[in-house]
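# Observations on the three-dimensional arrangement
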Amino acid sequence: MSTLAPWTPPAAPGPPMKSGRGKQSSPLSWRWGDRLALGFAWFAGIGLCVIAAAIVGYMGFRGIQYLRPDLLFERPALSTTQSGSGGFLDPLIGTALLTVIGVLLAVPLAIGGALWIAEYGRPTWLARVVESSIEMVAGTPDIVIALFGLSIFQLGIFAPFSFKASGGGVFGKSFIAAGAMMSLIALPPLFTATRDGLQAVPMHMREAAFALGKTRIATIRRVLLPSVRSNIATGVTLGISRIIGDTAIIVLLLGETLRLDPQGSVPGVGLLRGTGSTLTSYVYGNSPAGEGAAPQKAYAAAFVLLLFVLALNLIVDRIGRSSADATGMTVAGGIV
Amino acid sequence: MTRIRRLSLAFAVAGVLGVAAPAGASAVSTVTISGATASYPLVSLLAQKYVKTFPKKVKFKITQGGAQIGVNDVAAGRVSIGDVSRDPLAADPAGLVFYPIAKYGICVITAKSNALTNLTSAQVISIFTGKTRSWAQVPGAAASGTIDLISRTSVAGVLTNFQTLLLEGKKVSTIAAEEPSEGLMRSKVESDPNSIGFVSNYQSDKGTVNAVGLNGVACNKASITSGQYSGIARFYEVTKGKATGASSAFIGWIEKSAAAKKIINTQWLSIS
Amino acid sequence: MLERLRNPWPDHRAERTLGAVSCLVCALVVAMVVFVGIHAWPIFEHNGLSWLGSGGDLGRQLADMQNTTQHPPPSAYHLRAWPVVYGTLLTTGVAVVLALALSVFSSIFIVELAPARLRRIAIPVIRLLASVPSVIYGLIGILVLVPFVGNHVISGAEKESVQNVVLLTGAGLSVTVVILTVMITPIMVALICEALVSVPSSWREGAIALGVNPLRAMLAVTLRAARPAIVAALVLATARALGEAIMISMVSGSRAFSPKPVDGLVFFFEPLRTLASGIVDYHEGIGAPALGSALYAWALLLLFSAFVLSIAGYLIKLPLRKFQVRG
C-alpha cells in the first residue's frame, strides 16, 4: 500500500457527466440477425396493436350500429328466427343469474382451500395434491368440465336439480347444473389470488396476533381475511369475467331455451331448476352457426358482452391500484 | 340479537313454505318433445294453440336435434313425445307407436340467383350422388363452377326421406356439407350462389330460395295438395307404447280438432 | 347448538374443516376423471387404443353411431378418430408456434422499443384482449373472415381441383389458425411482459456496458432469464388452444377431414374438425350410447393432454430453477 503514488486532485474539473442512455450503437451497425430481430419486433408489436385496435374498433362500430336501448329490455321473440322484433333481456338475466350462482359456490371452496394451504397445510403431501388439483382444474378445457357436469347431473340422485321426464330419464340441464360447473371455472383465479395475497401478508402481523393470545383461526378471521380483501375482490372479478365469457358449458348444460323457462311451481327454486340462455349462447345462436339468423342482434349482444368484460377489467385495475397505494404491496393481477 | 335472528329465520322459512304450498297444489304437467327440425315449426304452433285453448293444464318443452334424436330420446324415456319426419324404419326400437299428423313435400332448392326451373329424377340422382360436379353439365342452370352440395346430418328424417323418395334409395355423396337443421340448410343455400340442397316445402315456400321442379312438376304447396308432386312424406308424433295422459290428450287434439287442422293446412297438408 | 357454531372455533376443528373443503376440490377432480372415464370405457373396450388411428370415414362412423338405439351392437362402437386428433394437433401446433414468435417479439417491443405513450395503452389493451370471450372471436371470424376468404381468396380453380373430395368454403384451416393465434397471443404477451419487467435491469445494463447492442442484450440476457415465465406462458396458451371449442366449431368448416399438405395452397383452405369442436358439434346426439362414449373418449383425451402439459411444464421449469428470477 505504501508503494502507491500519492493521489493528486485533477487540475480543473472536467466536463459534467451526462446522465441518460449514453451513446448507443445505431442499428445500422448491427449484425444482420440483430437487424432482422429488430425489424420483426417492431412488426410484431405494431401488428399486435393494430389487430387489437381492429377487433375492439370493429366490435364497437358494429355494436353502436346495431345496439338499441330497447333491445336490453325486451324479451326475445318466441320463434327460432330472431331477425324480427325481440331483444335479449332473458339472456342478460341468465348471465347475471349464472354468475351469481357460480361465484356463490366458488367463494367458499376457493377461500377455504387457499386458507388451508397458506395457513395450515399439513400434511405437506396433501397440500401439494390440493395445489396440483387446482392447477388441473385451471388447465381443463371448459368443454370437458361441461361433459363432466352432464354425466353428473343426469344421474338419478340429481333429478331434483333439473327435471325428470315421464319415461324416467333425467334431463340434467338447468341453471343449477350450469352454475355448479361455472364455479369450477371461477375457482382457480379466486384460489390463486387469495393464496398469493395470504402469502404476501408479512409474518409479523400473524406473530403479533399470536403474541396477543389469538388462536390461528381467530387471526385468520380478524387479521388476515380483512387484509386480503382486495385480493379476494380481484379474484372474484377475474372469476366473473371468466364465467360471463364461457359458452361451451352453457351450450351443453343450460338447455338453451331462448327465454327463461322455470321448472316446477316453486317460484325461486323453479327458476334455478329451469333452463334459459345467456348472452354468449344468444350470440352463438344468432350467428350463422346457429338457428337465429340475426347477425345484427348477435353484434349488439356481443358488444354488450365486450362492455361487461371491459368494465370488469377496469375494476381489476382499480382494485390493484388502490390496494397498492394503501398497503404498499401490489396485487398480482394475473390472467388465469 | 339471537332471538331476533331466530325469529326472522322462522318467518323466512314460513314465508317460503306458505308460498310453495298452494302453488304446489295446482301442479301443471309438462310434456317434453324433441326431434325433427322439419316439424319443429309445426309442433311449436300446435303447442302454442293448445296452451291457449286449455290454459294452465299443460306446459310444453320442445327442443329439436333431428328425427333420429327424437326416436332415441323417446325410446330412452328422456322425452314424452318424439317429432319424427320420416317413416318408421326396421332398425327403430321396438315398442314405439307412430302417430301421423301431417304431410309435407321435399323440395330441391338452389340459390335465388340460380333460377333452375326443373330437374329430372336422373339428374337429381346424378347431382346428389356426386357424379355431376359442375354446373356446366346441368342445362338450365344460371350458376357456373363447382356444384356445392349441401345435405343434412345423418340424424335428419328429411335426409332419409329424400334418399328414399328422390334418390331411389341411393345415398347422398360424402362430399356434401352437412347442416344440422333445416334453417341452417336454407340459410346456407341462400348465401352460396353455387349451392344445391333439399328442404321441406315450409322452408322453400318462404321465397328466399329457388324451389326446383321435379320431372316437370313445380314444388309448392299447391302441387303437394293436389298430389301431383312425387316427393311427399309424413310427420309423425312418436310415443313409447300407446300415448297416455297429457301426451295422449295433445295427440288426440291434433288428430281431431278443427283448430289444429286449420294450423296444419296453412303450410302443410293434413292427413285426412 | 347455534352457540357452538358461533363461538370461536378451536384450531383443530377449523383446520379439519378447511382441510375437508380443500379435499373436496381434490375429490371433484378425481370425480371428473372417474366419471369421464366410465362413460368413455366402451370405446376402449371395443377398440383398444386403435380408436386413435385412422381408417374409414369418421363422419360416417359417427353418423352410424348416432343412428343406433339404446342397446347398440358391438360393431356400433367402431371408431377411428385420427382426423380429429390430427386436426387438433395441427391447429394447436401451428397456432402455438406462431403465437410464441409473435408474443416474444411483441413483448420485447412493448417493454423495450415502444414509445412511452404507446406502452401505456398497449398493456391494458393486451389484458382486455386476453379476457375477450371466444364467442366474440368466433363471431368476427364467421361474419368477416370466412366470407372474405371464401369469396376473395379461394379461386374457382382451387375449388374445382378438390371438388371430388371435399367442399371448400372460406371456413377451414387458415381462418382457424389465424384466429387461434390472435386468441392466445395476448395471454402469452401479458405473462412475458411481466417477466421481462421483473428481471433486474442491471443485468441488461451490464451487457450493454460490455458493448452488446441493446436488442441483443435484451435477447441474450433478459429473455434467457425470463425462460421459466415463457414456459409457463406456453403451457397456458397450449392448454387454451387445445380446449377451444366454440370458436373453432364456428370457423373450421366442421368436417372430419384431414387437411393434406401435399395439396399445395389448397391445404390452407381445407375444412377440419378438432376434438373439442367435435364434442360441441355432436353434443345433441349424446343420448345414443355409442356416440356418447365416443365424445367422452375425446374428452378423456383432452383431460389427459392437459395433465401431460402441466407435468411437462413443471419438468421443463425444473432445470431453470437455478436462475433467481421468480418464474
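Quick caveat: nothing in here was measured; it's all calculated off a predicted structure.

## Brief notes about the overall build of chain A
- A count of helices and strands for chain A gives twelve helices and zero strands.
- Element order for chain A, N to C, with α for helix and β for strand: α-α-α-α-α-α-α-α-α-α-α-α.
- Since a compact globule built from 336 residues should have a radius of gyration of about 20 Å, the 28 Å found for chain A marks it as more spread out than a globular shape.
- Here the C-alpha coordinates of chain A stretch approximately 105 × 60 × 35 Å along the principal axes.

## A word on the overall build of chain B
- Scanning chain B from N- to C-terminus turns up ten helices and eleven strands.
- Its C-alpha atoms give chain B a radius of gyration of 23 Å, clearly above 19 Å, the size a compact globule of 272 residues would have.
- Dimensions of chain B, computed from C-alpha atoms along their principal axes, come out at roughly 90 × 45 × 35 Å.
- Evaluated residue by residue, chain B yields a buried proportion of 48% over its 272 residues.
- Of the contacts formed within chain B by residues at least 6 apart in sequence, a portion of 74% connects residues at least 24 apart.

## A word on the interface of chain C and chain A
- The partner chain A presents 70 residues to the 74 residues of chain C that form the contact.
- Grouping the amino acids of the side of chain C that touches chain A by side-chain chemistry returns 58 nonpolar, twelve polar and four charged.

## As for the packing of helix H5 (residues 116-130) of chain C against helix H8 (residues 173-198) of chain C
All names here are of chain C.
- The geometry of H5 relative to H8 is characterised by a closest axis approach of 8 Å and an angle of 135° between their N-to-C directions. When the axis of H5 is compared with that of H8, the two are oblique. Once H5 is placed against H8, the crossing between them reads as left-handed. Taking contact as the criterion, the partners of Ile-123, Ile-126, Arg-127, Leu-129 and Ala-130 in H5 are, on H8, Pro-186, Ile-187, Val-189, Ala-190 and Cys-193.
- Residues belonging to the contact of H5 with H8 are distributed by class as follows: nine nonpolar, no polar and one charged.

## With respect to the domain arrangement of chain B
Residues and elements named next belong to chain B.
- Per the domain assignment, the segments of chain B are domain 1 (29-103 + 234-270) and domain 2 (105-232).
- Computed from C-alpha atoms alone, the centre-to-centre distance between domain 1 and domain 2 is 26 Å.
- The interface is formed by 17 residues belonging to domain 1 together with 17 residues belonging to domain 2.
- Considering every element that reaches the side of domain 1 that touches domain 2, the biggest residue donor is helix H3 (residues 67-76), with three residues.
- Here the side of domain 1 that touches domain 2 is composed, by residue class, of eight nonpolar, seven polar and two charged.

## Things to note about helix H6 (residues 203-211) of chain A
- Across the nine residues of H6(A), zero count as buried, placing the element largely on the outside.
- After H6(A) finishes, the residue A:Gly213 shows a positive phi value of roughly 95°.

## Observations concerning the interface of chain C and chain B
- Contacts between chain C and chain B engage 19 residues on the former and 19 residues on the latter.
- Class assignment for the residues of the side of chain C that touches chain B results in five nonpolar, ten polar and four charged.

## A closer look at the environment of B:Gly66
All names here are of chain B.
- Note on placement: Gly-66 falls in the loop between strand E2 (58-62) and H3.
- Once the C-alpha coordinates of Gly-66 and Glu-182 are considered, the two residues, 116 residues apart in sequence, prove to be 9.6 Å apart.
- Aside from chain neighbours lying at most four places away, what touches Gly-66 is Ala-36, Thr-37, Thr-153, Val-155 and Ala-156.

## Describing the confidence of the model for chain A
- Residues at a pLDDT of 70 or more form 92% of chain A, whose mean pLDDT is 85.
- Every residue in residues 329-336 of chain A is under pLDDT 50, and counting partners more than four places away or in other chains gives 25 contacts.

## Digging into the pairing of strand E6 (residues 148-152) of chain B
Residue and element names in this part refer to chain B.
- Among the five residues that make up E6, five are buried, leaving the element largely enclosed by the rest of the structure.
- As paired elements, E6 and strand E7 (residues 177-179) share three bridges and run parallel to each other. Counted as the bridge partner of Arg-152 is Glu-179 from E7.
- The parallel pair E6 and E7 is bridged by helix H5 (residues 157-165), and the resulting crossover is right-handed.

## Digging into the environment of C:Gly141
Residues and elements named next belong to chain C.
- With respect to the helices and strands, the residue Gly-141 is situated in helix H6 (residues 134-153).
- In this structure, the C-alpha to C-alpha distance between Gly-141 and Val-175, residues 34 residues apart in sequence, is 7.2 Å.
- The residues touching Gly-141, leaving out its near neighbours within four places in the chain, are Val-146, Val-175, Ile-179, Met-247, Met-250 and Val-251.

## A closer look at the confidence of the model for chain B
- Averaged over all residues, the pLDDT of chain B equals 85, while 93% of them reach at least 70.
- The low-confidence segment residues 20-26 of chain B (pLDDT under 50) makes five contacts with residues lying over four places distant or belonging to another chain.

## Considerations on the environment of C:Trp51
Residues and elements named next belong to chain C.
- Tracing the chain through its elements places Trp-51 in the loop between helix H2 (11-47) and helix H3 (58-66).
- Since 24 C-beta atoms lie within 10 Å of it, Trp-51 is described here as buried.
- Sequence-wise, Trp-51 and Leu-265 are 214 residues apart; in three dimensions their C-alpha atoms are separated by 30 Å.
- When neighbours within four sequence positions are excluded, Trp-51 is seen to be in contact with Ile-43, Leu-79, Arg-80, Ala-81 and Ala-297.

## Side note on the nonpolar core
- Ranked by size, the top nonpolar core spans 277 residues in total, and within it A:Leu147, C:Ile192 and C:Ala299 carry the most contacts.
- A total of 17 residues in this core trace back to one element, the largest contributor, which is H8(C).

## Digging into the packing of helix H11 (residues 227-243) of chain C against helix H14 (residues 289-317) of chain C
All names here are of chain C.
- Put simply, H11 and H14 touch, their axes get as near as 9 Å, and they point 175° apart. Considering the angle they form, H11 stands roughly antiparallel to H14. Each of Pro-228, Val-231, Ala-232, Val-235, Thr-238, Ala-239, Leu-242 and Gly-243 in H11 lies in contact with H14, whose residues at this interface are Leu-302, Ser-305, Ala-306, Leu-309, Ser-310, Gly-313, Ile-316 and Lys-317.
- Of the residues belonging to the contact of H11 with H14, the class tally is ten nonpolar, five polar and one charged.

## Overview of unusual backbone geometry
- Geometrically, the link from A:Arg122 to A:Pro123 is a cis peptide bond, its omega value of -5° lying close to zero.
- Turning to its location among the elements, A:Pro123 is positioned in the loop between helix H2 (89-120) and helix H3 (124-139).
- A positive phi angle, near 65°, is found at B:Lys56, a position not held by glycine.
- The topology assignment puts B:Lys56 in the loop between helix H2 (40-53) and E2.
- In this structure B:Lys56 comes out as exposed when scored by C-beta crowding, with 8 C-beta atoms within 10 Å.
- Although it is not a glycine, B:Glu168 adopts a positive phi angle of roughly 55°.
- Within the secondary structure, B:Glu168 is located in the loop between H5 and E7.

## Description of the pairing of E2(B)
All names here are of chain B.
- Summarising the sheet, strand E1 (residues 29-35) and E2 pair through five bridges and their orientation is parallel. In the sheet register, Val-31 faces E2, and the bridge partner there is Phe-60.
- In terms of handedness, the path from E1 via H2 over to E2 forms a crossover that is right-handed.

Conventions we followed
- Residues numbered from 1 in each chain as written.
- Chains lettered and ligands numbered in written order.
- Predicted model: local features only at pLDDT ≥ 70, side-chain atom pairs only at ≥ 80, totals over all residues.
- Helix = DSSP H or I, 4+ residues; strand = E, 2+ residues; numbered from the N terminus.
- Rg over C-alpha atoms; globule rule 2.2 N^0.38 Å.
- Buried ≥ 20, exposed ≤ 12 C-beta atoms within 10 Å, placed from the backbone.
- Contact = placed C-beta atoms within 7 Å.
- Nonpolar A, V, L, I, M, F, W, Y, C, P; charged D, E, K, R; others polar.
- Axes fitted to C-alpha atoms, helices over the stretch in contact; angles between N-to-C directions.
- Parallel < 35°, antiparallel > 145°, perpendicular 65-115°, else oblique.
- Left-handed = near helix turned anticlockwise from the far one by under 90°.
- Domains from an automatic or database assignment.
- pLDDT = per-residue confidence, 0-100.
- Pairing = 2+ DSSP bridges.
- Right-handed = clockwise from strand over helix to strand, strands pointing away.
- Core = buried A, V, L, I, M, F, W, Y, C linked by C-beta atoms within 7 Å.

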